[in-house]
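Observations on chain architecture
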Amino acid sequence: MSGVKGHPLVAFFVLAYGLSWGNYNTHQSALLAMLFHTAQNTIGGWYLFRGFSGPDLTRLWWLWAAMYCVVACILTVPSRTGISRLPKTMG
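Residues numbered from 1 in each chain as written. Predicted model: local features only at pLDDT ≥ 70, side-chain atom pairs only at ≥ 80, totals over all residues. Heavy atoms only, no water.

Scanning the protein from N- to C-terminus turns up three helices and zero strands. Across the 91 residues in the protein, those meeting the buried criterion constitute 23%. Long-range pairs, those at least 24 residues apart, make up 73% of the contacts in the protein with a sequence separation of at least 6. Only carbon and sulfur atoms are counted for the fraction: they give 70% of the accessible area of the protein, which is about 6500 Å². (Helix = DSSP H or I, 4+ residues; strand = E, 2+ residues; numbered from the N terminus. Buried < 20%, exposed > 50% of the residue type's maximum accessible area, 1.4 Å probe, protein only. Contact = heavy atoms within 4.5 Å. Areas by Shrake-Rupley, 256 points an atom, 1.4 Å probe, with all protein chains shown as cover.)

Turning our eyes to something else, we now look at the packing of aromatic side chains. A full pass over the atoms with the stated rule returns three aromatic pairs. Judged by centre distance (5.5 Å) and plane angle (80°), the rings of Phe49 and Trp64 are edge-to-face. Note that Phe49 is positioned in the loop between helix H2 (30–48) and helix H3 (55–79) and Trp64 in helix H3, a separation of 15 residues in sequence. Among the residues examined, Phe49 registers a relative accessible area of 15% and is labelled buried. Judged by centre distance (5.8 Å) and plane angle (80°), the ring pair of Trp64 and Tyr68 falls under edge-to-face. Pair noted here: Trp64 and Tyr68 are both in helix H3, with a separation of four residues, about one helical turn. A relative accessible area of 11% places Trp64 in the buried class. On the basis of relative accessibility, which here comes to 8%, the residue Tyr68 falls in the buried class. By way of ring pairs, the aromatic residues Phe49, Trp61, Trp64 and Tyr68 are connected into one cluster. (Phe/Tyr/Trp six-rings, centres within 6.5 Å; stacked < 30°, edge-to-face > 60°.)

This part covers the nonpolar core. Counting eleven residues, the largest nonpolar core is built from Ala11, Val14, Leu15, Phe49, Leu57, Leu60, Trp61, Trp64, Ala65, Tyr68 and Ala72. At the level of secondary structure, the elements contributing two or more residues to this core comprise helix H1 (7–24) and H3. The dominant element in this core, judged by the number of residues it contributes, is H3, at seven residues. With residues up to four places along the chain from it excluded, the contact list for Leu15 reads Phe36, Gln40 and Tyr68. (Core = buried A, V, L, I, M, F, W, Y, C linked by side-chain atoms within 4.5 Å.)

What follows concerns a nonpolar patch on the surface. On the surface, Leu9, Phe12 and Phe13 cluster together into a nonpolar patch covering about 350 Å² of accessible area. Tracing the sequence through the fold places Leu9 in helix H1. (Patch = residues over 30% accessible without salt bridge, like charges linked within 9 Å, V, L, I, M, F, W, Y side chains within 5 Å. Salt bridge = Lys/Arg side-chain N within 4 Å of Asp/Glu carboxyl O.)

Have a look at this one:
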C-alpha cells in the first residue's frame, strides 16, 4: 500500500463505526463482530485487493470506503440511534 494514501483511513474509520454499531445493537455479540471481520478479511484481503495495483487499487479503496459509508448510513439513519447502547430489558 505504498502508493495508497488517505482513503484506507476513511474505510477503516467507517468500518470501526459499523462494528461498534453492530456490537452495541446486538447486546455486545462477539460472534457478529468475528463473522463480519472474517468475511471482510476473506473478501477484501485474499480475493479482491490482490488483483489490483496502481491507480486501480486507489480507485478500489475509494469504492470500498464509499460502500462502507453507504452501509453506515443505512444502519443508523432508520434507527436514529447512532452508536448507542440499547436499553437492557429485564427478563
